[in-house]
Amino acid sequence: MVPGELPWQGGLSALLPDELVDVPYVGSCYPGSPAVADRPELAEGANCQLYAYAVLAHFGLRVPPLRSSDLWSDDTATTVVATARPLDLLLFGPTADPYGAHVGVCLAPDRVLHLCREIGRPAVWSLADFRARERYRVLIGVKRVAEPGGRRETRRTAQHEETHP
């Protein structure tokens with residue numbers, strides 16, 4: 001797949017409404033920004049976090065309006081997991097520091113839906129596509145959103161604490 005192409009023929013992306021397919025990248029439209037408070041819909045644009053949260057909301061998963069580092073440290077609405085599954089959030093950056101990390105949504109193994117300045121519209125990339133770019137070369141980690149009304153059971157692994165609904 002060529003970076004930036006949208007394979008809307010299958011998987012979760014086939015289920016996205018038009019308003020999530022053609023969202024422009026606007027860096028000033030981030031969770032908690034004045035621009036978003038004035039116009040919460042995505043027609044005026046979004047940054048990666050706002051876009052990822054809107055995709056999850058379409059599937060019934062709600063994430064508080066957290067910025068990247070707050071999302072990474074959150075243990076109430078999300079949990080760190082070792083392996084991504086569809087609708088998990090992946091955080092990328094130039095280093096392992098979550099401050100300012102880029103956020104995408106796992107669609108399938110090795111397929112991440114995200115919105116970035118480089119492409120300007122939603123795109124699906126492989127993990128190799130992210131690693132090939134300095135600003136996204138490090139996969140900081142994967143966060144799973146708690147399902148609405150679902151219970152979470154936690155178990156420890158060697159590297160992470162994992163929660164499963």
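First things first, this report covers the structure right here in the doc. (Residues numbered from 1 in each chain as written. Predicted model: local features only at pLDDT ≥ 70, side-chain atom pairs only at ≥ 80, totals over all residues. Heavy atoms only, no water.)

## Some details on the layout of surface pockets
Here is step 1: In this structure, the largest pocket encloses a volume near 260 Å³.
Here is step 2: Class assignment of the residues belonging to the lining of the largest pocket gives a composition of seven nonpolar, six polar and three charged. (1 Å grid on protein atoms, 1.4 Å probe; cavity = no way out; pocket = protein on both sides within 12 Å on 5 of 7 lines; lining within 4 Å. Points joined across faces, edges and corners; volume = space filled by probe spheres on them. Nonpolar A, V, L, I, M, F, W, Y, C, P; charged D, E, K, R; others polar.)

## Brief notes about the environment of Arg144
Here is step 1: Looking at where Arg144 falls in the secondary structure, it is placed in strand E6 (residues 138-145).
Here is step 2: A residue is classified by how much of its surface remains accessible, and Arg144, at 8% relative accessible area, is buried.
Here is step 3: Between the C-alpha atom of Arg144 and that of Leu87, which follows or precedes it by 57 residues, the distance is 7.6 Å.
Here is step 4: A polar contact is formed between the side chain of Arg144 and the backbone oxygen of Thr83, at a distance of 3.1 Å.
Here is step 5: At a separation of 2.7 Å, a polar atom in the side chain of Arg144 contacts the side chain of Asp88. (Helix = DSSP H or I, 4+ residues; strand = E, 2+ residues; numbered from the N terminus. Buried < 20%, exposed > 50% of the residue type's maximum accessible area, 1.4 Å probe, protein only. Polar contact = N/O pair within 3.5 Å; in protein donor to acceptor, adjacent residues only side chain to side chain.)

## A few points about unusual backbone geometry
Here is step 1: Despite not being glycine, Leu87 has its phi angle at roughly 80 degrees, a positive value.
Here is step 2: With respect to the helices and strands, the residue Leu87 is situated in the loop between strand E1 (78-81) and strand E2 (89-93).
Here is step 3: Backbone geometry at Asp110 places phi at a positive 65 degrees, although glycine is not the residue there.
Here is step 4: Here Asp110 lies in the loop between strand E3 (102-108) and strand E4 (111-115).
Here is step 5: By relative accessible area, which is 39% here, Asp110 ends up partly exposed.

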